[in-house]
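Chain by chain, the residues run as shown.
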There are 2 protein chains.
Amino acid sequence: MNQQYRKNTDCVKGSQSIHFADKPYIISSGSVVGSKEAQGPLGNLFDMSDEDNLFGAKTWEEAESNMQKEACVLALGKAHVEAEAVRYLFGGDLLRQGIATSMGVEALQIPMFGLYGACSTSGEALALSAMAVAAGYGEQMLAVTSSHFGSAEKEFRFPLEYAGQRPLSAHWTVTGSGAFLVGIRKSHVRIEGVTVGKIVDYGLKDSQNMGACMAPAAMDTIIKSMEDFGRTPLDYDKIITGDLGYIGREILMDLTRKRGYDIQERHLDCGMLIFDRDSQDTHAGGSGCGCAAVTLSAYILPKLESGEWKRILFVPTGALMSTVSYNEGASVPGIAHGIILEHC
Amino acid sequence: MNQQYRKNTDCVKGSQSIHFADKPYIISSGSVVGSKEAQGPLGNLFDMSDEDNLFGAKTWEEAESNMQKEACVLALGKAHVEAEAVRYLFGGDLLRQGIATSMGVEALQIPMFGLYGACSTSGEALALSAMAVAAGYGEQMLAVTSSHFGSAEKEFRFPLEYAGQRPLSAHWTVTGSGAFLVGIRKSHVRIEGVTVGKIVDYGLKDSQNMGACMAPAAMDTIIKSMEDFGRTPLDYDKIITGDLGYIGREILMDLTRKRGYDIQERHLDCGMLIFDRDSQDTHAGGSGCGCAAVTLSAYILPKLESGEWKRILFVPTGALMSTVSYNEGASVPGIAHGIILEHC
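Predicted model, so just to flag it, every value in this text is computed and none were measured. Numbers given to residues run from 1 along each chain, matching the order in which its sequence is written. Ligands are numbered from 1 and chains lettered from A, in the order in which they are written. Local features in this predicted model are restricted to residues whose pLDDT is 70 or higher, and side-chain atom pairs enter the listing and the counts only when it is 80 or higher, whereas totals over whole chains, interfaces and linings include all residues. Side-chain descriptors were evaluated using all non-hydrogen atoms of the structure, hydrogens and water having been removed beforehand.

## Points about the overall build of chain A
- In this text, helices come from DSSP runs of H or I with a minimum length of four residues, and strands from runs of E with a minimum of two, each type numbered from the N-terminal end. The secondary structure content of chain A amounts to 11 helices and 16 strands.
- Atoms counted for the radius of gyration: C-alpha only. Globule rule: 2.2 Å times the number of residues to the power 0.38. In terms of C-alpha radius of gyration, chain A reaches 18 Å, essentially the compact-globule figure of 20 Å for 344 residues.
- For chain A, the spread of C-alpha atoms along the three principal axes comes to 60 × 50 × 40 Å.
- Going through the 344 residues of chain A one by one, you find that 69% of them count as buried.
- For chain A, the accessible area works out to roughly 11200 Å², and carbon and sulfur atoms hold 48% of it. Burial here depends on accessible area, computed with a 1.4 Å probe over protein chains only, as a share of the maximum for the residue type. Under 20% is buried, over 50% is exposed, and the range in between is partly exposed. Method for areas: the Shrake-Rupley scheme with a 1.4 Å probe, in which residue coverage is limited to the protein chains shown.

What follows is the structure, given as structure tokens:
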């Protein structure tokens, strides 16, 4: 039992959380989005957008890779940090074999860990980056995730040319990538702790209603985080889920209330913030691992930096499935990771 | 700059490695394989095998999930550790959206990080587990990976019923899953350090010659590890790559020799060890994230435990691609992670 061990593990057995002794900072971030996101309510806040959503590429997959690279370059540039000075990169996306990430970050030549946590991946990447910095494994890490409407429709649903009708419970995959430089250099936002999610499966099988599939996981992680840190929703200015959307949010409110937590007043959802429900025809809201990432970078972090919000719980949510798994009749379990961010 | 930071980062800038101050142990492991692996040269060493490769399931994907669960249960059982006592699980597989892992480890209800590093994933999972333990984030972590011949052929090539002819450079995906309990409880094998790989791309595009695609990444990680730790191949009893196979090994020998390192005498490859070249019709050798994992569990760890080998460099190798990426003409870059294991 060494000193490091005692220092970091101030949570009891059964805890899923880490309360960092030395809190890593989010030094900088970059956000890159497509045209629909640029026309949405947060449109003016993003660093970069592209009108034809191709970012100079010929395929949706390459476009997504280019977004990831640009988001990383933006985050590095804002902090005046060279790629060589980043110890490790933690990244992922929604595509099979995480190809958007592999091809996207290749040019940066940073030693890398590929991740998959569906739309929760931005939480997973931030958690691991923070854990690596707090452990002293390097002065700075890069966390990056992305999604692209075109590549995601092709991956999970139908070719865009098919113009399939979408049920009202379906989400609109966000075209976007967010990158975060996490490190020991002081900024005005630090990562106080993380709550790592379990897979939560209520047996739902409707891949076109991901909000319902993910809400139980969001509930589980939010309540576990409150318990692990001995807090109530009142200890947070906001509790912000990734992409539950309108349907998932209602279910989350019900589920948390039944467990004795009322988060209604504090809750926001990135999937609801990023598109205009009335004018943008995005049904249940935005989704994809780009959704929570770009909303964090462009909308949430500035409010923490200015001190408008003092402390938030950021909870990206993911629906675990593939075309093979749901065609074979498997359920769609969810996972959610909690990241506690505070103004400093 | 806190004590943790100074303590863990004894590598200079540009280093990709971590030399653990407090070295985590591999407390126990479990290996589960299919019938072909059970008939191979290492057949008697595996913990469990199944004659019809279905492990009680109706689909290859579910079979792979069942293997992962069994491998975890075996590792936990050998150490008399309950799943609840494991802080975090790091796991992955080759299937789109890592579905074998999500469905496989769900029942264990351990907070989890999903990973994707192609066939290098067992190295990635071991590296992150060791990093989490050494940082004091928990007393024990579980690292698990798998691959399945049936699900991998379906994912990457053709339906098995199609009986497509395979080129001689092709690998045979190993049906197998290996799980490792990494923690602070003393055993006879500890993880001295890790070298995290970069994506290395020599522009090769032949997904049916993965050995050639991965060999440059293996070379890069092996030499970087030697440089970071100030060592030569003579400091290791063995340098064991994941699944380069017969073709990849020859390329690795050439590439390392050109860089001034001769590893010929010390080199082994899990993909060459697991099948009999003459009688099992497996062409270039075994592959898949199960290949390195089950070989480590069943063949390598016992030699380290007994002290027959004092120190080895274990280097799982991955080819980063998807059916979409190679159909769109993208190259197949490689990645490899180095894990230094020593007898104690």
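## Things to note about the relation of the copies chain A and chain B
- With an RMSD of 0.0 Å, the fit of chain A onto chain B corresponds to turning through 180° and sliding 0.0 Å along the axis. Both copies of the chain, as the preceding transformation shows, are related through a two-fold rotation axis.
- Most of the interface of chain A is mirrored in chain B, where 99% of its interface residues again form contacts. Least-squares superposition aligns the copies on the C-alpha atoms of those residues with pLDDT at or above 70 in both. Residues count as neighbours in contact if any of their non-hydrogen atoms are within 4.5 Å of one another.

## Side note on helix H7 (residues 210–229) of chain A
- To estimate how far a helix should reach, multiply one less than its number of residues by 1.5 Å. With 20 residues, H7 of chain A extends 28 Å from end C-alpha to end C-alpha; this agrees with the ideal 28 Å at 1.5 Å per step.
- In the stretch just after H7 of chain A, Gly230 of chain A is the one whose phi turns positive, near 60°.

## What about the packing of helix H7 (residues 210–229) of chain B against helix H8 (residues 245–258) of chain B?
All names here are of chain B.
- Two numbers describe how H7 lies on H8: the axes approach to 8 Å, and their chain directions differ by 40°. One finds that H7 runs oblique with respect to H8. In the packing of H7 onto H8, the handedness of the crossing is right-handed. Contact residues: H7 offers Gly211, Ala212, Ala215, Pro216, Ala218, Met219, Ile222 and Ile223, while H8 offers Gly248, Ile251, Leu252, Leu255 and Thr256. Axes, fitted as lines to C-alpha atoms, cover a helix only where it is in contact. Angles between the N-to-C directions of the axes lie from 0 to 180 degrees. Under this scheme an angle from 65 to 115 degrees is roughly perpendicular, one under 35 degrees roughly parallel, and one over 145 degrees roughly antiparallel; angles in between are oblique. A crossing counts as left-handed when the near helix is turned anticlockwise from the far one by less than a right angle, and as right-handed when that turn is clockwise.

## Let's talk about the interface of chain A and chain B
- Facing 73 residues of chain A, the contacting portion of chain B comprises 73 residues.
- A quick way to say it: buried area is the sum, across both parts, of accessible area lost when two parts are put together, with a 1.4 Å probe. With both chains or domains summed, chain A and chain B bury close to 6000 Å², and 58% of this area falls on carbon and sulfur atoms.
- Salt bridges are defined as contacts in which a side-chain nitrogen from Lys or Arg sits within 4 Å of a carboxyl oxygen from Asp or Glu. Seen at the junction of chain A and chain B, the total is two salt bridges.
- Where Lys154 of chain B meets Glu328 of chain A, a salt bridge forms, and the shortest distance between an N and an O atom there is 2.9 Å.
- Polar contact criterion, stated in full: a pair of N or O atoms within 3.5 Å, where within protein one must be able to donate a hydrogen and the other to accept it, and residues adjacent in sequence count only if both atoms are side-chain atoms. At the junction of chain A with chain B, the criterion picks out 28 residue pairs in polar contact (both at pLDDT 80 or more).
- Taken together, the elements giving at least two residues each to the side of chain A that touches chain B come down to helix H1 (3–8), strand S1 (17–19), strand S4 (88–92), helix H4 (99–105), strand S5 (112–115), helix H5 (121–134), helix H6 (149–156) and helix H11 (323–327) of chain A.
- For the side of chain A that touches chain B, a count of residues per class yields 38 nonpolar, 22 polar and 13 charged. Three classes are used: nonpolar for Ala, Val, Leu, Ile, Met, Phe, Trp, Tyr, Cys and Pro, charged for Asp, Glu, Lys and Arg, and polar for all others, with Gly counted as polar.

## A few points about the pattern of salt bridges
- Applying the stated criterion across every chain yields a total of 29 salt bridges over all chains.
- Across the pair Arg157 of chain A and Glu153 of chain A runs a salt bridge, and its minimum N-O distance is 2.8 Å. In terms of burial, Arg157 of chain A and Glu153 of chain A fall into one category: buried.
- The closest approach of N and O atoms between Arg249 of chain B and Glu250 of chain B, which form a salt bridge, is 3.7 Å.
- A relative accessible area of 13% means that Arg249 of chain B is categorised as buried.

## Points about helix H3 (residues 60–79) of chain B
- In this model, H3 of chain B (20 residues) spans 29 Å end to end at C-alpha, consistent with the 28 Å of a helix rising 1.5 Å per residue.
- At the C-terminal side of H3 of chain B, His80 of chain B shows a positive phi close to 55°.

## What about the packing of aromatic side chains?
- For Phe, Tyr and Trp, where Trp contributes only its six-membered ring, two rings pair if their centres lie within 6.5 Å, and the inter-plane angle classes them as stacked under 30 degrees, edge-to-face over 60, or tilted in between. A full pass over the atoms with the stated rule returns 12 aromatic pairs over all chains.
- Each member of the aromatic cluster is reached from another via a ring pair, and the members are Tyr88, Phe90 and Phe113 of chain A.
- Sitting over the face of the ring of Trp172 of chain B, Lys36 of chain B holds its NZ or CZ atom 4.2 Å from the ring centroid.
- Each ring is checked for a lysine NZ or an arginine CZ that lies within 6 Å of its centre and within 35 degrees of its normal; such an atom marks a charge sitting over the ring. Its end group placed over the ring of Tyr236 of chain B, Arg311 of chain B keeps NZ or CZ at 5.8 Å from the ring centre.

## Observations regarding unusual backbone geometry
Residue and element names in this part refer to chain B.
- At Phe55, a residue that is not glycine, the phi angle is positive and equals roughly 50°.
- Considering the arrangement of structural elements, one finds Phe55 in the loop between strand S3 (48–49) and H3.
- Under the relative-accessibility criterion, Phe55 is labelled buried at 11%.
- Of note, the phi angle at His283 is positive, near 50°, even though the residue is not glycine.
- Topologically, His283 is positioned in the loop between helix H9 (270–273) and strand S12 (286–287).

## A word on the nonpolar core
- For this analysis, a nonpolar core means a set of buried residues of the types Ala, Val, Leu, Ile, Met, Phe, Trp, Tyr and Cys, connected via side-chain atoms within 4.5 Å. Among the nonpolar cores identified, the biggest contains 106 residues, and Leu341 of chain A together with Leu341 of chain B are the most heavily contacted of them.
- Apart from residues no more than four positions distant in its own chain, Leu341 of chain B is found in contact with Ile26, Val189, Arg190, Ile191, Leu296, Leu301, Leu304, Lys310, Arg311, Ile312 and Phe314 of chain B.

## Side note on the pairing of strand S8 (residues 176–183) of chain B
Residue and element names in this part refer to chain B.
- Burial runs high along S8: eight of the eight residues are buried.
- Burial of the side chains of S8 extends over both faces: Gly176, Gly178, Phe180 and Val182 are buried on one face and Ser177, Ala179, Leu181 and Gly183 on the other.
- Here, any two strands with at least 2 DSSP bridges between them count as paired. By the bridge criterion, eight bridges tie strand S2 (residues 25–33) to S8 in an arrangement that is antiparallel. Note on S8: the bridge partner recorded for Ser31 is Gly178.

## Examining the side chain of Ser31 of chain A
Residues and elements named next belong to chain A.
- Examined against the element boundaries, Ser31 turns out to sit in strand S2 (residues 25–33).
- Judged by relative accessible area, Ser31 falls into the buried class, the value being 0%.
- Excluding residues within four positions of it along the chain, Ser31 makes contact with Phe46, Asp47, Met48, Leu74, Ser177, Val294, Ser297 and Ala298.

## Section: the pairing of strand S16 (residues 338–343) of chain A
All names here are of chain A.
- Burial of S16 is extensive: five of the six residues sit out of reach of the surface.
- Strand direction decides the pairing type here: strand S9 (residues 189–195) and S16, joined by six bridges, are antiparallel. Within S16, the residue paired with Val194 across the bridge is Ile339.
- Bridge analysis of strand S13 (residues 311–315) against S16 gives four bridges, and the strand direction is antiparallel. Of the residues in S16, the one forming a bridge with Phe314 is Ile339.

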